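Listed below are the residues making up each chain.
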Amino acid sequence: QKSSPSPDLKDSNSRVQTTGTPEPCRYPQAGLPAHCPRTGAYAVDVAAFEALALPALSPPPPSAAARRSVVVIDEVGRMELHSAAFQAAVTRLLASPAEAVVFGALTAPIYGHRVPFCDAIAAHGRVSVDRITQKTRDAVREALQRRLLREVGLREEG
């Protein structure tokens, strides 16, 4: 379920819990106290982000139809990396036995500035990186969909 930004917070980014309740985590710099970390034009409410994101990084048991559960991380980016607890949770998830398939997006280097944690994830043995461009996005999406169905046991190998 998608959420709409809070009317009083222009350009806010809201995360949606399974209940459908939006939880604001990112605000224009003027929207949060000075102690909140900043990335670009935004400030991050790390406590709100952690309260929402950390429980979601514990993989649920597989369903009766699938042999493995799926964890989707919509982005591991500069704003998320203000949370050491988030980094630790992602690291634990990747180090755990492969009971869960993890799909996610990593921030790309900007102007040659690397993000070491994202580089470490990309180099992890359980990780396959697909670079997406406007020309390749449809083919990558189709390949990822096939791979996901195969990984969770809902489609035959091959």
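Everything numeric here is computed off the predicted structure, so don't read it as measured data.

Undergrad: Can you help me understand the overall build of the chain in this one?
TA: If you tally the helices and strands in the chain, you get four helices and six strands. Scanning the chain from its N terminus toward the C terminus, one meets helices and strands in the order β-β-β-β-α-β-α-β-α-α. Across the 158 residues of the chain, 28% fall into the buried class. Here the chain displays about 10100 Å² of accessible surface, and carbon together with sulfur accounts for 55% of that area.

Undergrad: For this particular structure, what's the right way to read helix α1 (residues 46-56)?
TA: Residues lying three or four places apart along an α-helix face the same way, a consequence of the helix completing one turn every 3.6 residues. Taken as a whole, α1 has its buried residues at V46, A48, F49, L52 and A53. All buried residues of α1 lie within an arc of 155° about the axis, which places them on one face of the element. Opposite the buried face of α1, at more than 90 degrees from it, the exposed residues are A47, A51 and P55.

Undergrad: So what exactly am I meant to see when it comes to helix α2 (residues 84-95) here?
TA: Here α2 contains twelve residues, and its C-alpha end-to-end distance of 16 Å stays within 8% of the 16 Å for a straight helix at 1.5 Å per residue. If you check which residues of α2 are buried, you get F86, A89, V90, L93 and L94. The buried residues of α2 occupy an angular sector of 130° when the element is viewed end-on, so they sit on one face. Counted as exposed and oriented over 90 degrees from the buried face of α2: A84, R92 and A95. Buried residues along α2 sit in contact with α1, β5 (69-76), β6 (100-106) and α3 (116-123).

Undergrad: How should I be thinking about the nonpolar core in this particular structure?
TA: In a soluble, globular protein the nonpolar side chains are often hidden away together inside. Membership of the largest hydrophobic core comes to 17 residues, with the highest contact counts inside it found for L57, I73, V76, F86 and V90. Looking at this core element by element, the count peaks at five residues for α2. Every residue in contact with V76, bar those within four places of it in the chain, is listed here: L81, F86, A105, L106, T107, F117, C118 and I121.

Undergrad: Looking at this model, I keep getting lost on the side chain of T107. Mind explaining?
TA: Structurally, the position occupied by T107 is in the loop between β6 and α3. In terms of polar contacts, T107 uses its side chain to reach the side chain of R78, at 2.6 Å. Beyond its immediate chain neighbours, meaning those up to four positions away, T107 contacts E75, V76, G77, R78, V115 and C118.

Each value, and the rule that gives it
Residues numbered from 1 in each chain as written. Predicted model: local features only at pLDDT ≥ 70, side-chain atom pairs only at ≥ 80, totals over all residues. Heavy atoms only, no water. Helix = DSSP H or I, 4+ residues; strand = E, 2+ residues; numbered from the N terminus. Buried < 20%, exposed > 50% of the residue type's maximum accessible area, 1.4 Å probe, protein only. Areas by Shrake-Rupley, 256 points an atom, 1.4 Å probe, with all protein chains shown as cover. Arc of directions from axis to C-beta. Expected span 1.5 Å × (residues − 1). Contact = heavy atoms within 4.5 Å. Core = buried A, V, L, I, M, F, W, Y, C linked by side-chain atoms within 4.5 Å. Polar contact = N/O pair within 3.5 Å; in protein donor to acceptor, adjacent residues only side chain to side chain.

All we've got here are geometric facts, nothing functional implied.
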